[in-house]
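Below are the chains, spelled out letter by letter.
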Amino acid sequence: MNLWWCGAMKGKSSNMPCCFERESPALKQILLKLYHAEKPVEIDHHLYEFGSVEYYVQSSAADPHHSFLSVLTPLLSQGEIPSNGPLSPYTIQMVKDICSESAEVVEPAREGYQLTLKLNFSMIPKSKESEKVVRRIASVQAVIISSQLKEIFRGVDSHGTFQPIKLVYYPREPFYLIRQPQKITAVFPMRFKEHSDVVIATAFFQELMDVGSSAKWAKTPTCTWAPIPPPELRGESIEDLSTNGGFVSFDICSRHVEGKKLEKTVWTLLNFYAFVKNHIKCTRGLIQRRMQKRLESLVEVLHKGAMEEDNKVKRRRGGRYIRKLVSLSKFKTLKRRCSDIVNKIKRLRYRIKIHGFNRFRRRWLTLPKFSSSRGYSRLE
Amino acid sequence: AHFSTDPNLRPSGRLELRTQKSAISQFRGLKFLGARFDEGDSIIFLRKEIFCGFLSAGKASVMASSLRLYLTCIRNTLEAAMCLQNFPCQEVERHNKPEVELKTSSELLLNPVLICRNEAERCLIETSINSLRLSLKVKQADELENILTKKFLRFLSIRAEAFQVLRRKPIQGYDISFLVTNYNCEEMQKQKLIDFIVQFMEDIDKEISDLKMSVNTRGRLVATEFLKQFL
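Fair warning: this is a prediction, and the values are worked out from it, not measured in the lab.

Engineer: Is there a simple way to think about the nonpolar core in this case?
Structural biologist: Generally speaking, nonpolar side chains in soluble globular proteins are found buried as a group. Within the largest apolar cluster, 94 residues are counted, with the highest numbers of intra-cluster contacts made by Leu149, Phe153, Phe205, Phe250 and Phe272 of chain A together with Leu134 and Leu156 of chain B. Counting residues per element, this core draws most heavily on helix H6 (residues 190-228) of chain B, at 15 residues. Ignoring anything within four residues of it in the chain, the contact list for Leu149 of chain A reads Leu76, Leu167, Phe175, Leu177, Val266 and Leu270 of chain A.

Here it is, written out as structure tokens:
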């Protein structure tokens with residue numbers, strides 16, 4: 001049995017999806033591998049992903065046409081902690097719609113999981129559409145999560161107002177849906193750990209409001225940011241309404257949830273917290289890179305000045321310094337040449353012994369010492 | 001230049017601005033902008049947009065001129081104050097310490113000079129016989145500039161050894177501090193050092209503005225991408 005870890009550990013409160021795509025990349029890779037396998041493959045993989053999501057993929061060589069995919073994911077709950085309860089009939093119907101003929105829901109699901117699908121890869125057409133089908137199967141977790149929100153948005157046109165619905169997907173990060181005549185308002189209380197994150201996020205929310213209020217983006221949901229909670233949320237618990245980043249609200253009308261837009265809208269709203277945190281992280285990285293670049297340019301200016309000064313000082317010292325260098329070097333080269341000749345002769349001496357040469361060498365080949373430390377000359 | 005606060009709108013749609021006669025000569029070059037000068041002390045703008053552009057350009061030129069004056073004042077003060085010489089410590093033998101940091105002997109310290117551009121921007125220059133300390137308070141208009149300034153100056157202060165004359169920790173009440181000793185003056189040219197410090201001050205302002213613009217631009221692009229999801 002292979003255990004593949006993908007992302008953070010299970011159970012951590014700071015889990016959040018690291019990508020905004022619906023399909024799980026690891027699951028997609030395994031399913032494509034199964035689909036393209038020429039021979040039957042034995043697979044028994046457990047995948048763990050951000051947000052406490054668990055997949056179990058099983059394929060046996062004895063039954064090459066069928067594979068099993070089990071999913072366990074926290075659902076949107078109305079309590080404090082996301083629940084792992086059974087799926088609603090609407091959710092199961094949504095899953096059946098995406099899988100069509102290539103997957104079948106197995107009842108009951110495998111023990112410890114909420115949903116088990118029996119995959120039949122032979123039913124997937126061998127064309128360019130095959131990858132799309134596999135991607136749809138790999139996005140089953142996103143379908144489960146978003147189906148709950150879709151159920152709520154289906155009644156967007158209903159009249160009357162209801163109590164705000166509190167939904168918890170990430171622990172300690174609830175958001176609210178307030179049903180009003182002709183629209184549903186999604187309210188996100190924003191909390192950040194650091195003051196600089198609050199400032200960057202506030203600047204982003206103001207830009208979001210500015211862009212959303214322009215004529216070009218009139219078709220998008222109206223976005224508002226306020227430091228205080230909207231009046232509809234008065235009565236909710238103080239812990240949920242105490243924030244340092246204010247409250248961001250989106251007004252969702254029927255035109256934002258009709259047809260294919262429903263899925264996009266729901267997925268965008270579910271990933272709003274992750275989107276904002278990703279933006280803050282990238283902005284901090286941008287600031288860091290610019291500071292580093294600026295530091296290099298400032299230091300270069302200082303060192304350039306110092307180098308120019310060194311060159312000027314060297315040029316200023318001029319003739320006397322250079323003459324001193326030249327005279328020193330002549331003496332050194334002469335001394336070096338003499339020592340080379342002496343070494344050569346010594347080498348020759350070791351190879352061939354010539355009678356009387358020692359005396360000759362001592363007399364004619366040694367350099368005279370003009371200043372003797374002993375103060376006397378040696379007698380031969 | 002002094003601008004009157006109640007420009008008269010003529011029935012034909014032209015905007016007339018009254019100003020002092022002494023200031024008229026400075027604005028003669030405005031003719032190419034579609035403005036003309038009336039007899040007396042009025043400038044007549046033919047279009048409102050040109051008038052608004054004139055006002056903002058005037059404001060920018062006023063700000064630029066005040067920055068120039070501020071930096072010139074700091075430069076002149078540094079040129080006068082940066083006359084440093086080696087002076088061994090009087091308290092501990094065989095020690096040589098920057099007296100401006102210790103402040104143990106009052107006879108070795110000069111009067112500190114505080115140069116203020118406005119309430120938000122100021123520069124404190126403290127001098128002693130063998131060292132000079134310059135502390136800067138940078139303008140921070142809003143929260144975003146505040147955090148960007150803090151981040152950037154802290155980033156530079158941590159890497160102070162790259163600058164040699166930068167202090168690792170700024171003086172209380174200021175954003176960044178320089179410490180110049182007699183050894184720095186021996187190794188580097190005094191004029192170049194002063195040029196570096198003045199250029200540093202200009203670059204800091206420019207960099208904070210650029211950073212703020214980058215953050216806002218990035219926020220706008222990300223907001224656009226986010227809203228595209230709903231279309």
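Engineer: Please explain the side chain of Thr77 of chain B as it appears in this structure.
Structural biologist: Here Thr77 of chain B lies in helix H2 (residues 48-81). What Thr77 of chain B contacts, discounting residues up to four positions off in sequence, is Val113, Ile115 and Ile125 of chain B.

Engineer: Looking at this structure, I do not really get helix H5 (residues 195-212) of chain A. What am I missing?
Structural biologist: A turn of α-helix holds 3.6 residues, and therefore any two residues three or four places apart point the same way. Helix length check: H5 of chain A, at 18 residues, gives a terminal C-alpha distance of 26 Å against a target of 26 Å (1.5 Å per residue), a fit within 8%. The element H5 of chain A is extensively covered by neighbouring structure, given that 14 of its 18 residues are classed as buried.

Engineer: What exactly am I supposed to notice about unusual backbone geometry here?
Structural biologist: A negative phi holds for most residues other than glycine; trans holds for most peptide bonds. Cis geometry is found at the peptide bond from Glu107 of chain A to Pro108 of chain A, where omega equals -5°. Locating Pro108 of chain A in the fold gives a position in the loop between strand S5 (103-106) and strand S6 (115-120). One non-glycine residue, Arg94 of chain B, lies in positive phi territory at about 65°. Summarising the element assignment, Arg94 of chain B is placed in the loop between H2 and helix H3 (99-102). Among the residues examined, Arg94 of chain B registers a relative accessible area of 84% and is labelled exposed.

Engineer: I would appreciate a short explanation of the packing of helix H2 (residues 89-99) of chain A against helix H4 (residues 140-153) of chain A in the present structure.
Structural biologist: When two helices pack together, their arrangement is given by the angle between the helix axes and the distance between those axes. Residue and element names in this part refer to chain A. At a closest axis distance of 9 Å, the pairing of H2 and H4 adopts a crossing angle of 130°. Between H2 and H4, the angle is such that the two are oblique. Considering how the two elements wind past one another, H2 and H4 form a crossing that is right-handed. Facing Tyr90, Thr91, Met94, Val95 and Ile98 of H2, the residues of H4 in contact are Val140, Val143, Ile144, Ser147, Lys150 and Glu151. When the residues that make up the contact of H2 with H4 are grouped by side-chain class, the tally is seven nonpolar, two polar and two charged.

Engineer: What exactly am I supposed to notice about the packing of aromatic side chains here?
Structural biologist: Given two aromatic rings, one states the distance between the centres and the angle between the planes to describe the pair. Inspection of the entire model under this criterion finds 18 aromatic pairs over all chains. A centroid spacing of 4.9 Å and a plane angle of 50° characterise the contact between Phe188 of chain A and Phe272 of chain A, whose relative ring orientation is tilted. Of this pair, Phe188 of chain A sits in strand S9 (residues 183-189) while Phe272 of chain A sits in helix H8 (residues 272-351), and the two are 84 residues apart along the sequence. Relative accessible area serves as the criterion here: at 0%, Phe188 of chain A is assigned to the buried category. Three or more aromatic residues joined by ring pairs make a cluster, and in this case those are Phe175, Phe188, Phe204, Phe205, Phe250, Phe272, Tyr273 and Phe275 of chain A together with Phe226 and Phe230 of chain B. Above the face of the Phe155 of chain B ring, Arg159 of chain B is positioned so that its terminal group lies 3.8 Å from the ring centre.

Engineer: Even after reading the chapter, I still don't get the sheet that holds strand S5 (residues 113-116) of chain B, so can you show me in this structure?
Structural biologist: Working definition: the strands of a sheet are paired by backbone hydrogen bonds and lie parallel or antiparallel to each other. Residue and element names in this part refer to chain B. Read from one edge to the other, the open sheet built from four strands follows the order S5-S6-S7-S8, with strand pairing classed as antiparallel. The open sheet has two edge strands with one neighbour each: S5 and strand S8 (176-181). Sheet twist, expressed as the average angle between the axes of neighbouring strands with direction ignored, equals 15°. Sheet analysis places strand S6 (residues 122-127) next to strand S7 (residues 131-137), joined by six bridges and oriented antiparallel. Pairing of Ile125 across the sheet is with Leu134, part of S7.

Engineer: It is not clear to me how the interface of chain B and chain A should be interpreted in this structure. Could you clarify?
Structural biologist: Interfaces are frequently sized by the accessible area removed from exposure as the parts join. Across the boundary between the two partners, chain B contributes 36 residues, which contact 43 residues of chain A. Overall, the association of chain B and chain A removes approximately 4100 Å² of surface from exposure, summing both partners, and the carbon and sulfur fraction of that is 73%. On the chain B side of the contact with chain A, Phe226, Leu227 and Phe230 of chain B bury the most area, a combined 18% of that side's loss. On inspection of chain B and its partner chain A, the count reaches six salt bridges. Linking chain B to chain A there are six residue pairs in polar contact (both at pLDDT 80 or more). Elements supplying a minimum of two residues to the side of chain B that touches chain A: helix H4 (143-158) and H6 of chain B.

Engineer: When you look at helix H1 (residues 25-36) of chain A in this model, what are you seeing that I'm missing?
Structural biologist: With twelve residues, H1 of chain A extends 16 Å from end C-alpha to end C-alpha; this agrees with the ideal 16 Å at 1.5 Å per step. What H1 of chain A keeps buried is the set Ala26, Leu27, Ile30, Leu31, Leu32, Leu34 and Tyr35 of chain A.

Engineer: Can you walk me through the sheet that holds strand S10 (residues 222-226) of chain A in this structure?
Structural biologist: Residue and element names in this part refer to chain A. The antiparallel open sheet is built from five strands, whose spatial order is S7-S8-S9-S11-S10. Bordering the open sheet on either side are strand S7 (165-170) and S10, each of which pairs with just one other strand. Going from strand to strand, the sheet's axes swing by 25° on average, the running direction of each strand aside. Of the strand pairs in this sheet, strand S8 (residues 173-180) and S9 are connected by five bridges, and their pairing is antiparallel. Residue pairing in the sheet places Arg179 in a bridge with Ile184 of S9. Relative to S10, H5 is tilted by about 145°, and along the sheet it contacts S10 and strand S11 (247-253).

Conventions and cut-offs
- Residues numbered from 1 in each chain as written.
- Chains lettered and ligands numbered in written order.
- Predicted model: local features only at pLDDT ≥ 70, side-chain atom pairs only at ≥ 80, totals over all residues.
- Heavy atoms only, no water.
- Core = buried A, V, L, I, M, F, W, Y, C linked by side-chain atoms within 4.5 Å.
- Buried < 20%, exposed > 50% of the residue type's maximum accessible area, 1.4 Å probe, protein only.
- Helix = DSSP H or I, 4+ residues; strand = E, 2+ residues; numbered from the N terminus.
- Contact = heavy atoms within 4.5 Å.
- Expected span 1.5 Å × (residues − 1).
- Axes fitted to C-alpha atoms, helices over the stretch in contact; angles between N-to-C directions.
- Parallel < 35°, antiparallel > 145°, perpendicular 65-115°, else oblique.
- Left-handed = near helix turned anticlockwise from the far one by under 90°.
- Nonpolar A, V, L, I, M, F, W, Y, C, P; charged D, E, K, R; others polar.
- Phe/Tyr/Trp six-rings, centres within 6.5 Å; stacked < 30°, edge-to-face > 60°.
- Lys NZ or Arg CZ within 6 Å of the ring centre and 35° of its normal.
- Pairing = 2+ DSSP bridges.
- Buried area = accessible area lost by both parts, 1.4 Å probe.
- Salt bridge = Lys/Arg side-chain N within 4 Å of Asp/Glu carboxyl O.
- Polar contact = N/O pair within 3.5 Å; in protein donor to acceptor, adjacent residues only side chain to side chain.

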